[in-house]
Structures are given as structure tokens and as C-alpha cells.
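Breakdown of the fold
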Amino acid sequence: MFDFIAKNQDTLKTDFVTWVGDNSGHNVWDNTNPEITNDTETIADLWKSKMKGLDIDVFPIEGNHDTWPVNV
């Protein structure tokens, strides 16, 4: 997805992306706070590296699996 957006930005003319979360696995009660944090940071780092130099705003929204305990 990241590569597609970056490669096709001239055609897509994307103004913004809504990042809707749920980054971590859905093994609900087995998730840990460090795991959820790491998964979110990994996705954020991908956004930063793949979209570098592109003028696209990203609006992140936490999903119900991006908190610990989940579904809070």
C-alpha cells in the first residue's frame, strides 16, 4: 500500500489519508502494552519512510485494538 501510494501519487493526487488503526494482532487478551506500542510505532515508521517528501497529511485514529487492555 505504501509503495503504491508513493509510486502513483501524481495520478492519485492524494490530499490526506485517514489511518484507522487496529495495528496490532487481534489475539485480544494475549496482547501486551509493549506489543501494541511496537506495532503502532512500526506502522508510523513505515508511513514516515515511505511517504517522505510527499505532501500528504495523515490523520491517525486509534482502533479498539490499539489500546491496552483492548476494547477499552
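Now for a look at the structure at hand. (Residues numbered from 1 in each chain as written. Predicted model: local features only at pLDDT ≥ 70, side-chain atom pairs only at ≥ 80, totals over all residues. Heavy atoms only, no water.)

**As for the overall build of the chain**
Within the chain, the regular secondary structure consists of 3 helices and 2 strands. Counted from the first residue to the last, the chain has its helices and strands arranged as α-α-β-α-β. Radius of gyration (C-alpha) of the chain: 14 Å, far over the 11 Å computed for a compact globule of 72 residues. Seen along its three principal axes, the alpha-carbon backbone of the chain occupies a region of about 45 × 20 × 15 Å. For the chain, the proportion of its 72 residues judged to be buried stands at 24%. Restricting to contacts in the chain with at least 6 residues of sequence separation, those with at least 24 account for 80%. Just so you have it, the chain exposes about 5200 Å², and 56% of that area is on carbon and sulfur atoms. Side chains of the chain carry 5 positive and 13 negative charges; the gap between the two charge centres is 14 Å. (Helix = DSSP H or I, 4+ residues; strand = E, 2+ residues; numbered from the N terminus. Rg over C-alpha atoms; globule rule 2.2 N^0.38 Å. Buried < 20%, exposed > 50% of the residue type's maximum accessible area, 1.4 Å probe, protein only. Contact = heavy atoms within 4.5 Å. Areas by Shrake-Rupley, 256 points an atom, 1.4 Å probe, with all protein chains shown as cover. Lys, Arg positive; Asp, Glu negative; His and termini not counted. Charge placed at Lys NZ, Arg CZ, Asp CG, Glu CD.)

**Overview of the packing of aromatic side chains**
Across all of its chains, the model carries 3 aromatic pairs by this definition. The interplanar angle of 85° and the centroid separation of 4.9 Å between the aromatic rings of Phe2 and Trp47 together place this pair among those described as edge-to-face. Placement of Phe2 in helix H1 (residues 2–7) and of Trp47 in helix H3 (residues 33–50) is noted, with a sequence separation of 45 residues between them. Trp47 shares its class with Phe2; the two are buried. Summarising the aromatic geometry, the rings of Phe16 and Phe59 are spaced 5.9 Å apart at their centres and angled 75° between planes, so their arrangement reads as edge-to-face. With Phe16 in strand S1 (residues 16–19) and Phe59 in strand S2 (residues 57–60), this pair connects stretches of sequence that are 43 residues apart. Within the aromatic cluster, the residues linked to one another by ring pairs are Phe2, Trp19 and Trp47. (Phe/Tyr/Trp six-rings, centres within 6.5 Å; stacked < 30°, edge-to-face > 60°.)

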